[in-house]
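Results of the structural survey
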Amino acid sequence: MAAVVEGLEPDAAAAAATEEAKDATGEAVATVPHLLAGNSLNLDRYPEGCRRLLYLCAQQRPQLLEVQFLRLSPHEDPWLLETALAQVPDRLPNLHSLVLKGGQRRDKLGAFLRGCLTSLPTGLSGLAGLAHLDLSFNSLGTVPPCVPQLRSLDALLLSHNCLSELPETLGMLPSLTFFAASNNRLAALPTALGGLSTLRHLDLSENLLDTVPPEIGDLSSLTELNLASNRLQSLPGSLAGLRSLRLLLLYSNLLTSLPADLIHLPLLDRLDLRGNQLREVPPEFLDAPFVRLQGNPLGEAPPGPLSLPEKPLLPEMPRLFLSTELDSFSVPPQGCSVTLACGIRLLFPAGATNNPLTIHYRLWPPEPHLAPLGPHDSLLSRVLELEPHGVTFQQDVVLWLLFVPPRARHCREVVVRTLSEDRWTDLDTQLEQTPKRLWARCQVPHFSWFLVVSRPVSNTCLVPPEGTLLSCSADPGVKVTFPPGATEEPRRVRMQVVHMASHELQGLLGDPEVAVSPLLCLWQSGTPNFLQPVTVQLPLPPGVTGLSLDRCCLHLLYWAPPSATWDDITARVALELTHLYARFQVTHFSWYWLWYTTKTCVEGLARKAWQRLRLHRVNLLALQRRRDPEQVLLQCLPRNKVDATLKRLLDRYRGPEPSDTVELFEGEKFFAAFERGIDVDADRPDCVDGRICFVFYSHLKNMKEVYVTTALDRETQAVRGQVSFYRGEVPTEVPMEAQAARQKKVTDTLWMATLPIKLPRRRGAEGLRSRASLSLAPLNLGDAESGFLTQSNLLGVAGRLGSDWPAVALHLGLPYRELQAIRHQFRDDLDGQIRHMLFSWAERQAGQPGAVGRLVQALEQSDRRDVAEEVQAILELGRQKYQAGIRRTGLAPQGPSDLAPPSPSATLTREPTGSEAHRAPHLPVGLNDPPPEQ
């Protein structure tokens, strides 16, 4: 249709678009007249919003003359958007606010998408009363010519666009008080900017500015000026004339000097100069409490006159690529770029440290005490520890963390979480994507523990005594209004919004009419109550409008931790309803939820829905390796990944079908136990009383490969058994209780699932010899300090290789001809083939360094990571015993850190080294703590 009407006149094009709107939206368009009840027209919340606007304009309803606030989504068809905007001056002549803000949609990484708006119709200049224009998060390359002609404009928002310059005609806006153009490509500012005598707030951060015109000092009414994250090297002295300035942000620039009179501004209460190149400032700046100077090379000698040519030649930054055997590296004062063996990257800028500094790193498995998660958070990475803790760098260090892509969910974002001052906080995080990997990039001033989580979108604001407005960036319909006098001192407020699908809720509760609003969570600092009531706005549940709802079915629920119940507070608040929203006033914060249902008591329903929001549908697998049935793969994974995982493992594993789907919380711990004559190898570090411990995380690998053993005689009969999964302790009578629970489908029992496995009868008994009858010369690999393997350990490795031994041998460097000779010599004895290969190789490696490392590497390359992990656990145990013996004999000092027992999680997936045996984390936060602050 767009191609047909492209060449029509404006009126004809509008008529054609109107007809198209009638045809395309059909019944949905006929339901939009209720949107006109009031002076607001919010069409960005509906699909085909531009078509709906054209339909309303074609009807020429008199209510359009009363509309003062219009919101449209710039993510729609550009032609329809331009056609709809062309109708605005004639049909909505009294428009006061126009919002065309992008960023309402996200890509698969959770980043905001820009709108398609590149220009505005010239006819918009006829909106004589337009005071507020928001064009943020769009694709504007230049400021539309109609904008400077809007003489009544009070607020203009152009942030997150592609602007390279601002026109001189912006100085023609006599009423402008708020102007934001951050996150653009501005390299210079127009001199006419100084003519905005009424301007009070100016935000030009995140641009490419290297100079500021002196005319900026003519902004006599300016109270806030943000020039952070630019390329400014100097400032004009006219800034000292901004007598009304209260806030001046200049961090992350290249400033080398400052106007001396800047400190004497009478109303200035914050001056942020962090991250510049200031080597010398007047003493008044050092003594002022409102000046921030961190990250500047203060006190350093300036460079010589010949050391700064026109284009300074900087030495190439060192690049380090660490191998798997290194857990530390050195950072020089000139900075360096480091890529760890696990793929994590760090960038230390020049001047981050004054002296060479040694950095230690470790990757911890995702244990609950290491991974603090909120009620609706999901863990996306393992825990990275960087030492020394708490050492502040002169320049922020850039950190790239690899993470697993999250499931596509509405209103969620990916952030890096770190431990700082005994509490976990979320860092400002940007997402980067390469063809095969996803990175979370952040800047950190000091080192601690780091992990990547997916969480509901969080919005934070500082509430002053004058009051403010807090809106949700993921759901514009959620707002909190703080009136003047709500607080005596500024306090920080944080908001999170969680959505629940209506079809999931209806299926869970069995109520086809049930619908809920977004779940709103509010936190605050300071005293628990506000001095004045705070107004909260929530969208009405889907399918419910102010004209059609039955107030008897509408319930406002409130929940304050640590209570486990939801209170119905509908009768205790004055619930004001519009056609789209519900507003109410509160004096303190927690969780709020708006329900629409025919049920009379909704507390139990809400608790059930709340628990479902925190659960994941998970299947449990127990598969046996085809070539070695004693090796069992245990895995728990989300239901939607079962088919793909089984298909991928089909050529190497066999076993029963996946278990019945169960429900698990994120970070929940459970156990797998072997019954009916089958037991798990007790040498595993994560094995407790015959049970393997799991911790479920929905976005990480939740698997273990173990060897099962039996005391029965398998030379004459096969052994049948089962793998049973339990929460907490294993019941006393496992088989009967498990079967009974499976039949009754009891959800709150300790039992979760039972899967059968089978160990076949051993063949070739004549070739099998007991380990006790072997008489081998003493043989040790490695050394006591770094860890060693005895001949008994090698026998244990040989007993686990099975038919995979040829692959291990080739990766150890044995020639194929020798493999053929071993096969011929021990034709009917698989165990003899394995032992001969392994011990003949070990005898040749005696006394040579790195032999144990080559064995571990060969096992990993042969897809026998389970054996490699057990070898590493043996090495770690040997190192700990060696160091304990050294301390007992008094050959090494015994410090406080040596007295602490090592963390049990340190041996699960980490390749430990000798220098780590006595280091264990001490983290004060767990899964049940309050959600981390922003």
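Computed from a prediction, not measured in an experiment: that's the story for all the values here. (Residues numbered from 1 in each chain as written. Predicted model: local features only at pLDDT ≥ 70, side-chain atom pairs only at ≥ 80, totals over all residues. Heavy atoms only, no water.)

Focus: the overall build of the protein
As a reminder, the rule being used: Think of it this way: any DSSP run of H or I at least four residues long counts as a helix, any run of E at least two long counts as a strand, and we number them from the N terminus. Buried residues are those whose accessible area, probed at 1.4 Å on protein chains only, stays under 20% of the maximum for their type, while exposed residues exceed 50% and partly exposed ones sit between those limits. What makes two residues a contact is simply this: any of their non-hydrogen atoms within 4.5 Å. We get accessible surface area from the Shrake-Rupley algorithm with a probe of 1.4 Å; when it comes to residues, only the shown protein chains can shield them.
Check the secondary structure of the protein and you find 16 helices and 49 strands. For the protein, the residues scored as buried account for 49% of the 934 residues in total. Put simply, 61% of the contacts in the protein that link residues at least 6 apart link residues at least 24 apart. Here the protein has roughly 43,900 Å² of accessible surface; of this, 51% comes from carbon and sulfur atoms.

Here's the deal with the sheet that holds strand E22 (residues 430-433)
Heads up, the rule is: Paired strands are those between which DSSP finds at least two bridges. The axes used here are C-alpha line fits, helices contributing only the stretch in contact, and every angle between their N-to-C directions lies in the interval 0 to 180 degrees.
The mixed open sheet is built from 6 strands, whose spatial order is E12-E14-E15-E19-E23-E22. Among the strands making up the open sheet, the edge pair consists of strand E12 (319-321) and E22. Going across the sheet, the axis of each strand differs from the next one's by a mean of 20 degrees, ignoring polarity. Direction of pairing for strand E19 (residues 397-402) relative to strand E23 (residues 438-444): antiparallel, over a ladder of 6 bridges. In the sheet register, Leu402 faces E23, and the bridge partner there is Trp439.

A few points about the packing of aromatic side chains
Just so we agree on the cut-off: For Phe, Tyr and Trp, rings pair up if their centres lie within 6.5 Å, where Trp contributes its six-membered ring, and each pair is then called stacked (planes under 30 degrees apart), edge-to-face (over 60) or tilted (otherwise). Cation placement over rings: the criterion is NZ of Lys or CZ of Arg within 6 Å of the ring centroid and within 35° of the ring normal.
Across all of its chains, the model carries 19 aromatic pairs by this definition. Residues Trp523 and Trp591 carry aromatic rings whose centres are separated by 6.2 Å and whose planes lie at 75 degrees to one another, so their mutual orientation is edge-to-face. Of this pair, Trp523 sits in strand E30 (residues 519-524) while Trp591 sits in strand E36 (residues 591-596); the two residues are 68 residues apart in sequence, bridging distant segments of the chain. Judged by its relative accessible area of 24%, Trp523 is partly exposed. Taking the relative accessible area as the measure of exposure, Trp591 reaches 4% and is therefore buried. Chaining the aromatic ring pairs together yields one cluster made of Trp523, Trp559, Trp566, Trp591, Trp593, Trp595 and Trp610. In this structure, Arg345 packs its charged tip against the face of Trp439, placed 4.3 Å from the ring centre.

With respect to the sheet that holds strand E34 (residues 576-577)
Pairing within the open sheet is antiparallel, and its 5 strands lie in the order E26-E27-E31-E35-E34. Two strands in the sheet have a free side with no partner beyond their single neighbour: strand E26 (468-471) and E34. Both strand E31 (residues 534-539) and strand E35 (residues 581-586) contribute to a ladder of 6 bridges, which runs antiparallel. Across the sheet, residue Val536 finds its bridge partner in E35, namely Phe584.

Some remarks on the environment of Ser125
This is how the line gets drawn: As used in this structure description, the phrase polar contact means that two N or O atoms lie within 3.5 Å; if the pair is within protein, one of them must be able to donate a hydrogen and the other to accept it, and residues adjacent in sequence are counted only when both atoms belong to side chains.
Tracing the backbone through its elements, the reader meets Ser125 in the loop between strand E3 (97-99) and strand E4 (132-134). The spatial distance from the C-alpha of Ser125 to the C-alpha of Val147 is 6.8 Å, given a sequence separation of 22 residues. The residues touching Ser125, leaving out its near neighbours within four places in the chain, are Cys146, Gln149 and Leu150. At a separation of 2.9 Å, a polar atom in the side chain of Ser125 contacts the main-chain carbonyl oxygen of Thr122.

So, the packing of helix H10 (residues 791-801) against helix H13 (residues 830-845)
The cut-off we apply is this: Any angle that is under 35 degrees is reported as roughly parallel, and any over 145 degrees as roughly antiparallel; angles of 65 to 115 degrees are reported as roughly perpendicular and all others as oblique. A crossing counts as left-handed when the near helix is turned anticlockwise from the far one by less than a right angle, and as right-handed when that turn is clockwise. Ten residues, namely Ala, Val, Leu, Ile, Met, Phe, Trp, Tyr, Cys and Pro, are considered nonpolar, four, namely Asp, Glu, Lys and Arg, are considered charged, and the remaining ones, Gly among them, are considered polar.
Between H10 and H13, the shortest axis-to-axis distance is 9 Å and the interhelical angle comes to 140 degrees. Classed by the angle they form, the pair H10 and H13 counts as oblique. As H10 packs across H13, the resulting crossing turns out to be right-handed. Here Gln791, Leu794, Leu795, Val797, Ala798 and Leu801 of H10 lie close against H13, whose contacting residues are Ile834, Arg835, Met837, Leu838, Phe839 and Ala842. A breakdown of the residues in the contact of H10 with H13 according to their chemical character gives 10 nonpolar, 1 polar and 1 charged.

Focus: the pairing of strand E14 (residues 336-339)
Both faces of E14 are covered, namely the face carrying Cys336 and Val338 and the face carrying Ser337 and Thr339. Two elements, E12 and E14, share 3 bridges in a ladder whose sense is parallel. Following the sheet pairing, Arg319 is matched in E14 by Ser337. When E14 meets strand E15 (residues 345-348), the two strands line up antiparallel, connected through 4 bridges. In the strand pairing of E15, Cys336 is matched with Phe348. Between the end of E14 and the start of E15, which pair antiparallel, lie 5 residues, with Gly343 showing a positive phi angle near 100 degrees.

Quick look at the nonpolar core
Put simply, the rule is: Nine residue types can take part in a nonpolar core, namely buried Ala, Val, Leu, Ile, Met, Phe, Trp, Tyr and Cys, and a core is a set of them joined through side-chain atoms within 4.5 Å.
Counting 78 residues, the largest nonpolar core has Phe179, Leu202, Leu225 and Leu273 as its most contacted members. When contributions to this core are tallied by element, the ones reaching two or more residues are helix H3 (49-59) and helix H4 (78-91). Residue contributions to this core peak at 6 residues, all from H4. In this structure, Phe530, Leu549, Leu575 and Phe584 belong to the second largest nonpolar core, which totals 37 residues.

Describing the environment of Phe589
Mapped onto the elements of the fold, Phe589 is located in the loop between E35 and E36. With relative accessibility at 10%, the residue Phe589 sits in the buried group. Linking Phe589 and Asn529, residues 60 residues apart in sequence, is a C-alpha distance of 8.0 Å. Aside from chain neighbours lying at most four places away, what touches Phe589 is Val480, Phe482, Val493, Leu522, Trp523, Gln524, Phe530 and Val534.

Side note on H10
Burial within H10 is extensive, with 8 of its 11 residues counted as buried. Taken together, the buried positions of H10 are Asn793, Leu794, Leu795, Gly796, Val797, Ala798, Arg800 and Leu801. Once H10 ends, the next one or two residues include Gly802, with phi positive near 60 degrees.

Description of unusual backbone geometry
Cis rather than trans, the peptide bond between Glu387 and Pro388 has omega equal to 10 degrees. Along the chain, the position of Pro388 falls in the loop between strand E18 (383-387) and E19. Residue Glu206 is not a glycine yet carries a positive backbone phi of 55 degrees. Note on placement: Glu206 falls in the loop between strand E7 (201-203) and strand E8 (224-226). According to the relative accessible area criterion, Glu206 is partly exposed, its value standing at 38%.

Focus on the side chain of Asn226
Among the structural elements, Asn226 can be located in strand E8. Not counting the four nearest positions on each side in its chain, Asn226 is found in contact with Leu202, Asp203, Leu204, Ser205 and Leu249.

Focus on the pattern of salt bridges
What counts here: The salt bridge criterion pairs a side-chain nitrogen of Lys or Arg with a carboxyl oxygen of Asp or Glu, the two atoms within 4 Å.
For the coordinates displayed, the defined rule picks out 21 salt bridges. Between Glu663 and Arg612 there is a salt bridge, with its nearest N and O atoms 3.3 Å apart. Residue Glu663 is found in strand E40 (residues 662-665), and its partner Arg612 is found in helix H7 (residues 603-613); the two are separated by 51 residues along the sequence. Looking at Glu663, the relative accessible area reads 24%, which means it is partly exposed. On the basis of relative accessible area, Arg612 is assigned to the partly exposed category, the value being 23%. Of the charged contacts, one joins Asp866 and Arg864 as a salt bridge, the two residues approaching to 3.4 Å between their closest N and O atoms. Residue Asp866 is classed as buried on the basis of its relative accessible area of 3%. For Arg864, a relative accessible area of 0% puts it in the buried group. One connected set of salt bridges, linked through shared partners, spans Arg625, Arg652, Glu705, Asp804, Asp863, Arg864 and Asp866.

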